[in-house]
Amino acid sequence: ATAQVSLAVQALQRSQSLLTEDLVKVLSDANVSNPFYTLYGDIFFTDIGQADLKVLGTQYDLEGKLQVVAPLEKADLALVYPMPTWANRDCVKLSPCGQSERTNNVTRRS
C-alpha cells in the first residue's frame, strides 16, 4: 500500500491537477527514463499500461540494520535462507528473550 500511496502523491504533484485525464497523462508518461520513486524501487509503466516494478528484497543484518538482498546486483548482504528457527536465533543481540521476570510492574524477558 505504501508504494501506491507514494505513486498517487507523485502523480498528483506532477500533474498539478485532480482531473482524470491529467493524471492519466502523467501516469502514461512514466517510463524507464521517467519513473516514479518509491521505497520499493522505481515504478514505471509499459506501453500497454502494465506497472513494471523491480522489487528489492530486504533482510535485517546481525546489527538490526535493514539490508538489500535481492536482486543480486544491488545486494548489500547475502540472503540467509532458510532462516534459523526462533529457537536457534541469537535474539539476545536485538532484544531480551527467554525467561520472563517481573520488576516494578514491567515484564522483562531474559
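Look a little higher up for the structure.
Small disclaimer: the values here were computed from a predicted structure and weren't measured.

Conventions used here
Residues numbered from 1 in each chain as written. Predicted model: local features only at pLDDT ≥ 70, side-chain atom pairs only at ≥ 80, totals over all residues. Heavy atoms only, no water. Helix = DSSP H or I, 4+ residues; strand = E, 2+ residues; numbered from the N terminus. Buried < 20%, exposed > 50% of the residue type's maximum accessible area, 1.4 Å probe, protein only. Contact = heavy atoms within 4.5 Å. Areas by Shrake-Rupley, 256 points an atom, 1.4 Å probe, with all protein chains shown as cover. Pairing = 2+ DSSP bridges. Phe/Tyr/Trp six-rings, centres within 6.5 Å; stacked < 30°, edge-to-face > 60°. Lys NZ or Arg CZ within 6 Å of the ring centre and 35° of its normal.

Colleague: Is there a simple way to explain the overall build of the protein in this structure?
Modeller: When you go through the protein residue by residue, the secondary structure sums to 2 helices and 7 strands. Counted from the first residue to the last, the protein has its helices and strands arranged as α-α-β-β-β-β-β-β-β. Taken across its 110 residues, the protein has 20% of its residues classed as buried. Pairs at least 24 residues apart make up 15% of the contacts formed inside the protein by residues separated by at least 6 positions. Roughly 8,800 Å² of accessible area belongs to the protein as shown, and the carbon and sulfur atoms make up 57% of that amount.

Colleague: Any chance you could explain the pairing of strand S4 (residues 57-60) here in plain terms?
Modeller: Each regular strand carries side chains that alternate between the two faces of the sheet. Summarising the sheet, S4 and strand S5 (residues 66-70) pair through 4 bridges and their orientation is antiparallel. Bridge assignment links Gln 59 to a residue of S5, and that residue is Gln 67. Here S4 folds back onto S5, and the loop between the two strands holds 5 residues, one of which, Gly 64, carries a positive phi near 85 degrees.

Colleague: For this particular structure, what's the right way to read the pairing of strand S2 (residues 41-45)?
Modeller: Buried residues dominate S2, accounting for 4 of its 5 residues. Pairing geometry for strand S1 (residues 36-38) and S2, over 3 bridges, is antiparallel. Bridge assignment links Phe 36 to a residue of S2, and that residue is Ile 43. Connecting S1 to the antiparallel partner S2 that follows it, the hairpin turn spans 2 residues. Pairing between S2 and strand S3 (residues 51-53): 3 bridges, direction antiparallel. Each residue of the ladder has a partner; that of Ile 43, found in S3, is Leu 53. As consecutive antiparallel partners, S2 and S3 are separated by 5 residues, and within that stretch Gly 49 has a phi angle of approximately 85 degrees, a positive value.

Colleague: What am I meant to see in the environment of Val 24 here?
Modeller: Within the secondary structure, Val 24 sits in helix H2 (residues 20-28). When its relative accessible area of 44% is taken as the criterion, Val 24 is described as partly exposed.

Colleague: Hey, could you run me through unusual backbone geometry in this one?
Modeller: Trans is the common state for peptide bonds, and a negative phi is the common state for residues other than glycine. Of note, the bond from Ala 70 into Pro 71 is cis; its omega dihedral lies within 30 degrees of zero at 0 degrees. Residue position: Pro 71 is located in the loop between S5 and strand S6 (100-103). With a phi angle near 50 degrees, Gln 16 is a residue other than glycine that sits in the positive phi range. By the element assignment, Gln 16 lies in the loop between helix H1 (2-15) and H2.

Colleague: I'm lost on the packing of aromatic side chains in this one. Help?
Modeller: Note on aromatic pairs: each is described by the distance of the centres and the angle between the planes. For the coordinates displayed, the defined rule picks out 0 aromatic pairs. Lying across the ring of Phe 36, Arg 14 places its NZ or CZ 4.0 Å from the centre.

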